[in-house]
Amino acid sequence: MAAPNLEKMTLRWLEKKQIPTEPHWAFCYTMLHKVSRSFAFVIQQLGPELRDAVCIFYLVLRVLDTVEDNTSIATEIRRFAFLLLVHTRVFK
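Please read these numbers as outputs of a predicted model, since none were measured by experiment.

1. Observations concerning the environment of Gln-18
Phase 1 of the analysis: Summarising the element assignment, Gln-18 is placed in the loop between helix H1 (6–16) and helix H2 (23–35).
Phase 2 of the analysis: For Gln-18, a relative accessible area of 45% corresponds to the partly exposed category.
Phase 3 of the analysis: Along the chain, Gln-18 and Tyr-29 lie 11 residues apart, while their C-alpha atoms are 8.4 Å from each other.

Given below as structure tokens:
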């Protein structure tokens, strides 16, 4: 029995979740589905002029919230980590 074609299975999953095939957008929308399935659905109902911007904005806010809520990390390190993350993603 032949193994299923992994590439075809991946493409079907991406289409079902409405995840773009471009690698950077695929990463963003995959993460969006992992952190908020219900809000991911709402974001993907937006028009193309807003969808990507809202997706990125939501993910950045989730990262910020996660870092800020982690009290085991010193405040200065949390702020630096967030700024470094934003700088890396914006200027890459």
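2. Concerning the packing of aromatic side chains
Phase 1 of the analysis: In this structure the tally under the stated criterion is 2 aromatic pairs.
Phase 2 of the analysis: The interplanar angle of 50° and the centroid separation of 6.3 Å between the aromatic rings of Trp-25 and Tyr-29 together place this pair among those described as tilted. Separated by 4 residues within a single helix, Trp-25 and Tyr-29 lie in helix H2, roughly one turn from each other.
Phase 3 of the analysis: In this structure Trp-25 comes out as partly exposed when scored by relative accessible area, which is 22%.
Phase 4 of the analysis: Ring plane angle 45° and centroid distance 4.7 Å describe the contact between Phe-39 and Tyr-58, whose orientation is recorded as tilted. Taken as a pair, Phe-39 in helix H3 (residues 37–43) and Tyr-58 in helix H4 (residues 48–69) lie far apart in primary sequence, 19 residues in all.

Criteria and thresholds
Residues numbered from 1 in each chain as written. Predicted model: local features only at pLDDT ≥ 70, side-chain atom pairs only at ≥ 80, totals over all residues. Heavy atoms only, no water. Helix = DSSP H or I, 4+ residues; strand = E, 2+ residues; numbered from the N terminus. Buried < 20%, exposed > 50% of the residue type's maximum accessible area, 1.4 Å probe, protein only. Phe/Tyr/Trp six-rings, centres within 6.5 Å; stacked < 30°, edge-to-face > 60°.

Read these as layout, nothing more, since geometry by itself doesn't imply function.
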